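A structural walkthrough
What follows is each chain in one-letter form.
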Amino acid sequence: MDLREALRSTAAIRAFTDRPVSDETIAAILDDARFAPSGGNRQPWRIAVLKDRAVRRSLADAMQPVWDDYMVATAAGQTPFTAVPPAGYTPPTDRPPHAPNPLLTNIESIPVVLAVAADLSRIALMDKDLDRPAVAGGASIYPFCWSILLAAREHDLGGVITTFATRVEPITGPLLGLPADHVLAAVIFLGHPERRPTKLKRSPVVTTVDRFDGPPLSYD
Ligand SMILES: Cc1cc2nc3c(=O)[nH]c(=O)nc-3n(C[C@H](O)[C@H](O)[C@H](O)COP(=O)(O)O)c2cc1C
């Protein structure tokens, strides 16, 4: 597939047909994705392919309250879980209602569920000493996650990167046997898409010259 086309059309896919995906295909996807970049080329990732239905169910049960919280905040017009609270943000105090999420409800039947762990001892967290939440470390793991989604397209598969399991790592870590010094960075769902969107909603990139308050980049 043409690279430009892949970049412009790889949407989050959350609904899959029941067509199975072989272990050989999973291995081939990961073997392509491993060429993703990481800080110092440390490649801090490892994968657990979740097959056991009971493990999947426990994982989904742990993730569900995070989704419920997400939906409450979204319904209130807030962007949930932002790294710094937006002005005027007041966290909801009520217990959120159950918000069904097909990824979680149907987790047992989703063709591929991958847990992605990252080894903190191999991540250079360049911005860790600043007086704000660190973000640079994620850049050593999420390009790999994105490469999994791109590599999956070569096999006509689609999927979605999710991070809601990270919020409940005290539950999901022991459930998945997360090694010492590792974090659970993502859970990726893959399968044959029920349908594939052709047009993604993405905004133009705000682009200025020399400074972020500089003049817009203009071109003819
Ligand atoms: C770092 C990251 C975290 C994400 N976490 C979640 C998540 O927890 N749950 C979920 O359903 N989607 C998650 N997504 C998928 C995004 O919601 C999706 O990529 C975005 O809304 C664009 O959707 P679209 O491709 O359908 O336009 C995540 C994506 C990224 C890159």
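Worth saying up front: this structure is predicted, and the values here are computed from it rather than measured.

A separate point is the overall build of the chain. Of the regular secondary structure elements, the chain holds six helices and four strands. Seen in sequence order, the chain has helices and strands lined up from the N terminus as α-α-β-α-α-β-α-β-α-β. Taken over the C-alpha trace, the chain has a radius of gyration of 19 Å; the compact-globule value for 220 residues is 17 Å, and the two agree within 12%. Sequence separation of 24 or more characterises 80% of the internal contacts of the chain that already satisfy a separation of 6 or more. Within the structure as shown, the chain displays about 13,800 Å² of accessible surface, and the carbon and sulfur contribution to it stands at 55%.

In this section: the site of the ligand. Around the ligand, a shell composed of Ala-11, Ala-12, Arg-14, Val-160, Ile-161, Thr-162, Thr-163, Phe-164 and Arg-202 is seen. One nitrogen or oxygen atom from the main chain of Ala-12 is found 2.8 Å from an oxygen atom belonging to the ligand. Between the ligand and Phe-164 there is a distance of 3.2 Å, counted from an oxygen atom to a backbone nitrogen or oxygen. Considered on its own, the ligand offers 630 Å² of accessible surface; in the complex 59% of this is hidden by protein. Partitioned by chemical class, the residues of the shell around the ligand number five nonpolar, two polar and two charged.

Cut-offs used in this document
Residues numbered from 1 in each chain as written. Predicted model: local features only at pLDDT ≥ 70, side-chain atom pairs only at ≥ 80, totals over all residues. Heavy atoms only, no water. Helix = DSSP H or I, 4+ residues; strand = E, 2+ residues; numbered from the N terminus. Rg over C-alpha atoms; globule rule 2.2 N^0.38 Å. Contact = heavy atoms within 4.5 Å. Areas by Shrake-Rupley, 256 points an atom, 1.4 Å probe, with all protein chains shown as cover. Near = heavy atom within 4 Å. Polar contact = N/O pair within 3.5 Å; in protein donor to acceptor, adjacent residues only side chain to side chain. Nonpolar A, V, L, I, M, F, W, Y, C, P; charged D, E, K, R; others polar.

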